[in-house]
Amino acid sequence: EVVSIETYPAKTEAQTLLQLLSEQSASAPGRLIYTFCAEDGTRTALTLSELDRRARAIAGRLQQTVKPGDRALLVYPAGLDFITGFFGCIYAGVLPVPASYPKPNRPMPRLSAICHDCDAAVALTTAQTLDTLQAVRTSSEFHSVEWLPSDRIDDAHADRWRRPNITPDDLALLQYTSGSTSQPRGVKVAHRHLLNNLEMIYQGFDVDGLHADGAKRVGVFWLPAYHDMGLIGGILSSLYSDGHAFLLSPTAFLQRPVRWLRSISEFGATVSGAPNFAYDLCVKRITPEDRETLDLSKWRLAFCGAE
């Protein structure tokens, strides 16, 4: 059964992701929204106003290069740069195309297939990635693509930004299938689709009820940002629900599954989730001694994406 959000009072009147972020930034500029926890223990964080500023700066730079509706590959390692690049595209009216991060000096058939299929005009990444992929990005498959290191875009470009005319029916992103059984295929996702989905998650998870006692809305997520559960279930849902998301890299979890539960314990997360294999991995690879150090008492919603 398909249930429309028209049966609920929607949490927000925003009709596009641009509206959602810009309005939240205006109302609570200093609120922390994302913190990335690197494997070496360092942390980097973004407030709503910082994310809004970086999105406007990246958009201002993109508007000098590409047209509204053009496609932009997002080729990022785990971290906050993906998020600022994603919203930079949204703010420019450019269509973000999240892509998996390729291994250095390896063939990139998936990335090449996506680039060709969506006719990408630009690829956003980091300066370090540009060096790592030097040989690959200059290959014939990417000859028409301009590569931009978004982490090198000066904040001054924010002042050159011009707000695009975006409607709820305009596309927000192209989301590609895994390509495990055939070539990756792009799914067209409009702003209204995303906001509808985010509202359904908000209502279905009873976010207000979970935090009715005033508990902080904290989530911990490690799934890749190009993955549906990582992007929508973790990153965008945290923004929509006024939460604070602590993000880990997929590698950090896979190498040591206890890092996921330690983060939930340390940050007092109320919401977290993963595919079912992750729960199995925790059971198999976390020792009784590790379990003794964990406090998961604040974890109220553990969602599971079954394979």
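Residues numbered from 1 in each chain as written. Predicted model: local features only at pLDDT ≥ 70, side-chain atom pairs only at ≥ 80, totals over all residues. Heavy atoms only, no water.

Asker: What should I look at first to understand unusual backbone geometry in this one?
Answerer: The phi torsion of most residues other than glycine is negative, and most of the peptide bonds are trans. Even without being a glycine, Asp-206 presents a positive backbone phi close to 50°. Mapping Asp-206 onto the fold places it in the loop between helix H7 (191–204) and helix H8 (207–210). (Helix = DSSP H or I, 4+ residues; strand = E, 2+ residues; numbered from the N terminus.)

Asker: I tried to follow the pattern of salt bridges on my own but got confused; where do I start?
Answerer: Side chains bearing opposite charge may pair, as long as their charged atoms lie close to each other. In total, this model carries 13 salt bridges according to the counting rule given. Ionic pairing is found between Lys-67 and Asp-70, a salt bridge with its closest N-O pair at 3.6 Å. Its relative accessible area of 53% is what places Lys-67 among the exposed residues. A residue is classified by how much of its surface remains accessible, and Asp-70, at 13% relative accessible area, is buried. (Salt bridge = Lys/Arg side-chain N within 4 Å of Asp/Glu carboxyl O. Buried < 20%, exposed > 50% of the residue type's maximum accessible area, 1.4 Å probe, protein only.)

Asker: Hey, could you run me through the sheet that holds strand S2 (residues 43–47) in this one?
Answerer: The strands that make up a sheet are held in pairs by hydrogen bonds between backbone atoms, and each pair lies either parallel or antiparallel. The strand order across the open sheet built from 6 strands is S2-S1-S10-S9-S11-S12, with neighbouring strands paired in mixed fashion. Only two strands of the sheet have a single partner each, and these edge strands are S2 and strand S12 (301–305). Neighbouring strand axes in the sheet, compared pairwise and without regard to direction, differ in orientation by 20° on average. Sheet analysis places strand S1 (residues 32–37) next to strand S10 (residues 244–247), joined by 3 bridges and oriented parallel. Within the sheet, the bridge partner assigned to Tyr-34 lies in S10 and is Ala-245. Across the sheet, helix H2 (residues 48–62) lies against S1 and S2, angled at about 85° from S2, the strand it touches most. In the packing of helix H9 (residues 228–240) onto the sheet, contacts are made with S1, strand S9 (218–221), S10, strand S11 (271–275) and S12, and the angle to S1 comes to roughly 140°. (Pairing = 2+ DSSP bridges. Axes fitted to C-alpha atoms, helices over the stretch in contact; angles between N-to-C directions. Contact = heavy atoms within 4.5 Å.)

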